[in-house]
Amino acid sequence: MIKAYLIDLDGTLYHGRHRIEGADQLIRTLQELGKPYLFVTNNSSRTPQGVADHLNGMGIPADASQVCTSAVAAAEYVAEESPGATVACIGEAGLLEAIEEAGLQLTEDAPEYVIQGIDREFSYHKLTKALRWINAGSKFIMTNPDLQLPSDDGLTPGAGTLGAAIEAATGVHPTVIGKPSSVIMKSAISRRLNLASHEVAVIGDNMRTDIAAGVAAGCETLLVLTGVTTRDNMDGHIQAAKARPDHVFEDLHKLMEWLSQEADQASKKG
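Caption draft 1: Spatial organisation of the packing of helix H8 (residues 207-217) against helix H9 (residues 234-241). Where H8 contacts H9, the axes come no closer than 9 Å and their chain directions differ by 55 degrees. By the criterion of interaxial angle, the relationship of H8 to H9 is oblique. Of the two elements, H8 crosses H9, and the hand of that crossing is right-handed. Here H8 contributes Met207, Arg208 and Ala212 to the contact with H9, which in turn contributes Gly236, His237, Ile238, Ala240 and Ala241. For the contact of H8 with H9, the per-class residue count stands at 5 nonpolar, 2 polar and 1 charged.

What follows is the structure in C-alpha cells.
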C-alpha cells in the first residue's frame, strides 16, 4: 500500500507562474486522505522557503518543510559522506544556504568538494577555478543534470549545461544528485518520510527525470500527461528513459479519482 507521495513541480503542478488545473485540489485531496507528501524539485536556485512561497502564491498549499530540492539533497549527501567538509560552491542562494545548513565549510582554498548547480553568473573565471580545484583532487558534485530551463522569454541553459563544461574541462564525471538519479528520491524517502521505497509513489510529468528516478529508487510511479510527456511522445520517452510508469493519467483530475478509489479499496481491506 502506498503510504506517501513524492510530487514533481514544474510540468506537474504548474507551468512557470501558471498553476495546472487541479493542482491545488490534488494537494487538498492528499491532505484529506491523510497521505504525507513531499515536493521534490531539481531546482537548486530557490531555498525550500522560496519554493513554498512560489507554490502558495499560486494557491497550492505548501510549507518549506515539505520541500526537497536538489541543492538540499546535494548538501546532505556531502555532509553524510564527509561531515564538516570544505566545499566550493558554484551556484545561487538556494545552494549556498543548503551548504551552510548542512554544516559544511565554504572555501575557495583547496576544497574537498565542488558542488555545482545553476549559476546565472557562471563565467570563464569560475570554470577555470572549478577546473583547478577538481584537477587538484576536489570531488565534483552536480545538483542536477537539466540541460535547459524554461523561462518567461524562452529556454535558458540549465545546471547540466554548466556541469558539462566543467566535465569537458576536467575529464571528471560528477556525482549527480537530482532526477533522474535516485539519490534525491532516496534522500527524501529515508531522511524525511522514514519509509521504504516500495511504500512511496512518485507523481511526475517527465518520463526521463521524474519517472526514471522513481523507478531507479524502487518506488511506484504515476505519470501525468500535463507537461513534458504526452500521449504522442510517450513511447519515445519510455524508450529513452528505459523505464515504464506503473500508471498513466491524462490530467490531475484523473489522478485524484484514482487516489480516491485506492483509498476506498484500502479502507475496505482494513
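Caption draft 2: Layout of unusual backbone geometry. The step from Lys179 to Pro180 runs through a cis peptide bond, and the omega angle for that step is 15 degrees. Checked against the element boundaries, Pro180 lands in the loop between strand S12 (175-176) and helix H7 (183-193). With phi around 50 degrees, Ala110 is a residue other than glycine that occupies positive phi space. On the secondary structure map, Ala110 appears in the loop between strand S7 (105-106) and strand S8 (113-116). The backbone phi angle of Asn194 is positive, close to 55 degrees, even though this residue is not glycine.

Caption draft 3: Structural context of the pairing of strand S6 (residues 86-90). The element S6 is extensively covered by neighbouring structure, given that 4 of its 5 residues are classed as buried. Of the pairings in the sheet, the one linking S6 to S7 comprises 2 bridges and is parallel in character. Considered in S7, the bridge of Thr86 is made with Gln105. With helix H4 (residues 93-101) bridging S6 and its parallel neighbour S7, the resulting β-α-β unit is right-handed. Where S6 and S8 come together, 4 bridges link them in parallel fashion. Residue pairing in the sheet places Cys89 in a bridge with Ile115 of S8.

Caption draft 4: Examining the environment of Asp205 more closely. By secondary structure assignment, the location of Asp205 is in the loop between strand S13 (200-204) and H8. In sequence terms Asp205 and His247 are 42 residues apart; their C-alpha atoms lie 12 Å from each other. Setting aside residues up to four positions removed in sequence, Asp205 forms contacts with Asp8, Asp10, Gly11, Thr12, Asp210, Leu223, Val224, Thr226, Gly227, Val228 and Thr229. Here the side chain of Asp205 touches Val228 through a polar contact of 2.7 Å, landing on its backbone nitrogen.

Caption draft 5: Here's a closer look at the packing of aromatic side chains. On inspection of all chains with the given rule, the structure shows 2 aromatic pairs. On the numbers, 5.5 Å between centres and 70 degrees between planes, the contact of Tyr37 with Phe39 is edge-to-face. Each member of the pair, Tyr37 as well as Phe39, is classed as buried.

Caption draft 6: Quick look at the nonpolar core. Counting 33 residues, the largest nonpolar core has Leu6, Val40, Val78, Ile99, Leu104, Ile115 and Met185 as the members making the most contacts within it. Excluding its chain neighbours within four sequence positions, the residues that come into contact with Ile99 are Ala75, Val87, Cys89, Leu104, Leu106 and Ile115. Counting residues in each nonpolar core, the second largest holds 30 residues, with Tyr37, Ala52, Ile60 and Leu222 among its members.

Caption draft 7: The arrangement of the pattern of salt bridges in detail. Considering all chains together, one arrives at 12 salt bridges under this definition. A salt bridge links Arg191 to Glu76; its shortest N-O distance comes to 3.6 Å. Taken together, the residues Arg191 in helix H7 and Glu76 in helix H3 (residues 70-81) connect sequence positions 115 residues apart. When its relative accessible area of 41% is taken as the criterion, Arg191 is described as partly exposed. Overlapping salt bridges bring together Asp8, Lys179 and Asp210 as one network.

Caption draft 8: Geometry of the sheet that holds strand S1 (residues 4-7). Taken together, the 6 strands give an open sheet; going across it, the order is S5-S4-S1-S13-S14-S15, and neighbouring strands pair in parallel fashion. Two strands bound the open sheet, and with one partner strand each, they are strand S5 (67-69) and strand S15 (247-249). Across the sheet, the mean angle separating the axes of adjacent strands is 25 degrees when strand polarity is ignored. Sheet topology places strand S4 (residues 37-41) next to S5; 3 bridges connect them, and they run parallel. The partner of Phe39 across the bridge, within S5, is Val67. Packed on one face of the sheet, H8 meets S13 and strand S14 (220-224) and runs near 165 degrees to S14. Where helix H10 (residues 252-269) meets the sheet, it contacts S1, S13, S14 and S15, and its direction lies at approximately 145 degrees from that of S14.

Parameters and conventions
Residues numbered from 1 in each chain as written. Predicted model: local features only at pLDDT ≥ 70, side-chain atom pairs only at ≥ 80, totals over all residues. Heavy atoms only, no water. Axes fitted to C-alpha atoms, helices over the stretch in contact; angles between N-to-C directions. Helix = DSSP H or I, 4+ residues; strand = E, 2+ residues; numbered from the N terminus. Parallel < 35°, antiparallel > 145°, perpendicular 65-115°, else oblique. Left-handed = near helix turned anticlockwise from the far one by under 90°. Contact = heavy atoms within 4.5 Å. Nonpolar A, V, L, I, M, F, W, Y, C, P; charged D, E, K, R; others polar. Buried < 20%, exposed > 50% of the residue type's maximum accessible area, 1.4 Å probe, protein only. Pairing = 2+ DSSP bridges. Right-handed = clockwise from strand over helix to strand, strands pointing away. Polar contact = N/O pair within 3.5 Å; in protein donor to acceptor, adjacent residues only side chain to side chain. Phe/Tyr/Trp six-rings, centres within 6.5 Å; stacked < 30°, edge-to-face > 60°. Core = buried A, V, L, I, M, F, W, Y, C linked by side-chain atoms within 4.5 Å. Salt bridge = Lys/Arg side-chain N within 4 Å of Asp/Glu carboxyl O.

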